[in-house]
Amino acid sequence: MKFVLNGQPTDIAAHPAARLIDVLREDLGLTGTKEGCGEGECGACTVLVNGEPVCSCIIPVAQVAGTEVTTIEGLGGDHPLQHHFMNEVGAQCGICTPGMIMAALSLGPAPTLDDVKVALAGNLCRCTGYSAIYRAIMKWKGMPLPEAAGSLVVE
């Protein structure tokens, strides 16, 4: 199976029906992508395929042949959004964080808070850290926080 992974050509001898998350974590050693529900409902395993967020736990690796796959490792650990997540305490237990960040990367240049909520609708945070996550993303995009979002602002 050939695809571009985090900017590098990759050729992996995996069963075509193997789940992408298993190939990433077990065969390629990229453990930054987390498995939550294993059913594509929580978004913890979100990666980008040709720039679009997908749940890597429900797609077979054969579906990424010839595509460009980006995992959290592909950001190099120094992406501005990763810093905002840390600065705004958007990461609590950390299981959802890579998926949240990867999903947020699909946002346009000037998203509203509603745009952020829609983009992350498929990503669940079990620590109820949504306010901090939304705040990190809005700051990353240089967007103001709505005044009406009282619970969004933590003093």
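Residues numbered from 1 in each chain as written. Predicted model: local features only at pLDDT ≥ 70, side-chain atom pairs only at ≥ 80, totals over all residues. Heavy atoms only, no water.

### Describing the pattern of salt bridges
Stage number 1. Per the stated rule, a full pass over the model turns up 4 salt bridges.
Stage number 2. Notably, a salt bridge pairs arginine 19 with aspartate 22, separated by 2.9 Å at the nearest N-O pair.
Stage number 3. A relative accessible area of 22% places aspartate 22 in the partly exposed class.
Stage number 4. Notably, a salt bridge pairs glutamate 35 with arginine 19, separated by 2.9 Å at the nearest N-O pair. You can see glutamate 35 sitting in the loop between helix H1 (20–27) and strand E3 (46–49) and its partner arginine 19 sitting in the loop between strand E2 (8–11) and H1, a full 16 residues away along the chain.
Stage number 5. Given the relative accessible area of 37%, glutamate 35 is considered partly exposed.
Stage number 6. On the basis of relative accessibility, which here comes to 24%, the residue arginine 19 falls in the partly exposed class. (Salt bridge = Lys/Arg side-chain N within 4 Å of Asp/Glu carboxyl O. Buried < 20%, exposed > 50% of the residue type's maximum accessible area, 1.4 Å probe, protein only. Helix = DSSP H or I, 4+ residues; strand = E, 2+ residues; numbered from the N terminus.)

### A few points about the sheet that holds E3
Stage number 1. With respect to topology, 5 strands assemble into an open sheet ordered E2-E1-E5-E3-E4, the strand pairing being mixed. Each having just a single partner strand, E2 and strand E4 (52–55) make up the two edges of the open sheet. Averaged over all pairs of adjacent strands, the angle between their axes in this sheet comes to 40°, without regard to strand direction.
Stage number 2. As paired elements, strand E1 (residues 2–5) and E2 share 4 bridges and run antiparallel to each other. In the strand pairing of E2, phenylalanine 3 is matched with threonine 10.
Stage number 3. Contacts from helix H3 (residues 97–104) reach E3, E4 and strand E5 (68–70), with the element oriented near 30° to E3. (Pairing = 2+ DSSP bridges. Axes fitted to C-alpha atoms, helices over the stretch in contact; angles between N-to-C directions. Contact = heavy atoms within 4.5 Å.)

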